[in-house]
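Descriptive structure summary
Okay, here's what each chain looks like letter by letter:
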Amino acid sequence: MRFIGIIVAALLIPDAVCAAEIPQAERRSGYSFMKPDTRAIQDDDTANPGMLWVLDGEALWKRKAGAADKACADCHDNARISMKGVAARYPAFDMALGRPVDLEQRINSCRVNRQQATPLPFESRDLLALTAFVARQSHGVAIETGGDPQLAPFIARGRELFMQRQGQLNLGCANCHDDNWEKRLAGSAITQGHPTGYPLYRLEWQSLGSLQRRLRACISGIRAQPYDYGAPELVELELYLMSRARGMRMETPAVRP
Amino acid sequence: MASALINVPAKAKRGDIIEIKTLMSHIMETGYRHMASGEIVPRDIITSFACRFNGTEIFRADLFPAIAANPFITFFTTAIESGKFEFEWVGDRGFSETASASITVE
């Protein structure tokens, strides 16, 4: 009986002691967990492979598409001015849909409604390129997502999902990214999970990828069923994570191991 | 939409050792992976890279399936005279890309 008591206590203690959010002053970008050689790839724009997508995105920005025969640039003109700081406010509330949309979904809604073109598939090279190009214009800008009061219930739901244990391993995001950051999992650093640099180039993927791809990979990692691309749950999680990273600087396109 | 990123110093002093950095967009599909249907994904890699300076070849590399996507190749050379670097990547399925950059040597 005493033995069982110890096990129960051991299972209860980590939750009781650690389940706290990271204090503002201790928040760190995933960049600070990387080795100097990986940091060097991100720091040099001519070594950062993410910049290849940014270049492609710039070309797409100027290319006419859809039945309206309009390019992004025809309405938004110079992205360096019009898109500065935009990605630092996403996911944002969409009036027409009555819920938050992330940057990829916003670009696709522009494609469908304004350009009258077909939406780009999630994780397609073109969608990643356009998203990276738009987000690049916010490089160095402090994240302000979540300021809109209409977002409050969605942030709360995202937070709930972040805290909730799920999957065969019965883990929630917070068990690693709030409670055990700076430790290691199978040799890799456990970061705080601030999405400051998406879409980003993961050396493991050998490609640029979205935050939704990263979240789905993490959800498979805890052996739960990942939500589909574009699912409201993923957007709420993105929204919570971005609001949790408020004040941190955008790094798009970041490089991660 | 293949694209290259080239980093060559715009200016250098005669005799300086300069670093040249190149990044080429390419999937570098190894040819060893299988599709769900069991068929092999055909190899699609860059097989060679060369750099010429004012028409003379100064650097060449052969690439193989073990090289990661978007190959990043850097090398050093000595700045002797002003001129133009020309880069060329050649690969499977008729892949061929070029880029160039100029340097002023004082």
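These numbers come from a predicted model, not from an experiment.

1. Thoughts on the interface of chain B and chain A
Taken together, the contact between chain B and chain A spans 14 residues of the former and 17 residues of the latter. Overall, the association of chain B and chain A removes approximately 1200 Å² of surface from exposure, summing both partners, and the carbon and sulfur fraction of that is 58%. Where chain B touches chain A, the interface holds one salt bridge. The salt bridge involving D44(A) is made with K21(B); its shortest N-O contact spans 2.6 Å. Applying the counting rule to chain B against chain A returns five residue pairs in polar contact (both at pLDDT 80 or more). Elements with a minimum of two residues in the side of chain B that touches chain A: β1 (4-7) and β3 (17-24) of chain B. In terms of residue class, the side of chain B that touches chain A is built from nine nonpolar, four polar and one charged.

2. A word on the nonpolar core
Residues and elements named next belong to chain A. In terms of nonpolar packing, the biggest core is built from 38 residues, with W53, W61, L103 and L130 touching the most fellow members. Looking at this core, the elements that each hand over two or more residues are α3 (50-62), α6 (103-113) and α7 (125-136). The element contributing the most residues to this core is α7, with eight residues.

3. Examining the packing of aromatic side chains
As enumerated under the stated definition, the model contains 13 aromatic pairs over all chains in all. With a centroid separation of 5.3 Å and 50° between ring planes, the pair formed by F49(B) and W89(B) is classed as tilted. Within this pair, whereas F49(B) is found in strand β4 (residues 46-53), its partner W89(B) is found in strand β7 (residues 83-91), the two being separated by 40 residues in sequence. Across this residue pair, the class does not change: F49(B) and W89(B) are buried. An aromatic cluster is present here, built from F49(B), F53(B), F59(B), F75(B), F85(B), F87(B) and W89(B) joined pairwise through their rings. The residue whose ring lies beneath R213(A) is W205(A), and the NZ or CZ to ring-centre distance is 4.1 Å.

4. Remarks on the sheet that holds strand β5 (residues 56-62) of chain B
Residue and element names in this part refer to chain B. What the five strands build is an open sheet, ordered β2-β8-β7-β4-β5; its pairing is mixed. Where the open sheet ends on each side, the last strands, each with one partner, are β2 (11-12) and β5. With two bridges connecting them, β2 and strand β8 (residues 96-105) associate as parallel partners. Bridge assignment links K11 to a residue of β8, and that residue is T104.

5. Section: the pairing of β4(B)
Residue and element names in this part refer to chain B. Of all the eight residues making up β4, six are buried; the element is thus mostly covered by neighbouring parts of the structure. Bridging between β4 and β7 involves seven bridges; their strand directions are antiparallel. Bridge pairing links F49 to W89 in β7. Inspection of the sheet shows β4 paired to β5 by six bridges, in the antiparallel sense. Each residue of the ladder has a partner; that of R52, found in β5, is E57. The antiparallel pairing of β4 with β5 creates a hairpin that spans two residues between the two strands, and N54 there sits at a positive phi of about 45°.

Calculation rules
- Residues numbered from 1 in each chain as written.
- Chains lettered and ligands numbered in written order.
- Predicted model: local features only at pLDDT ≥ 70, side-chain atom pairs only at ≥ 80, totals over all residues.
- Heavy atoms only, no water.
- Contact = heavy atoms within 4.5 Å.
- Buried area = accessible area lost by both parts, 1.4 Å probe.
- Salt bridge = Lys/Arg side-chain N within 4 Å of Asp/Glu carboxyl O.
- Polar contact = N/O pair within 3.5 Å; in protein donor to acceptor, adjacent residues only side chain to side chain.
- Helix = DSSP H or I, 4+ residues; strand = E, 2+ residues; numbered from the N terminus.
- Nonpolar A, V, L, I, M, F, W, Y, C, P; charged D, E, K, R; others polar.
- Core = buried A, V, L, I, M, F, W, Y, C linked by side-chain atoms within 4.5 Å.
- Buried < 20%, exposed > 50% of the residue type's maximum accessible area, 1.4 Å probe, protein only.
- Phe/Tyr/Trp six-rings, centres within 6.5 Å; stacked < 30°, edge-to-face > 60°.
- Lys NZ or Arg CZ within 6 Å of the ring centre and 35° of its normal.
- Pairing = 2+ DSSP bridges.

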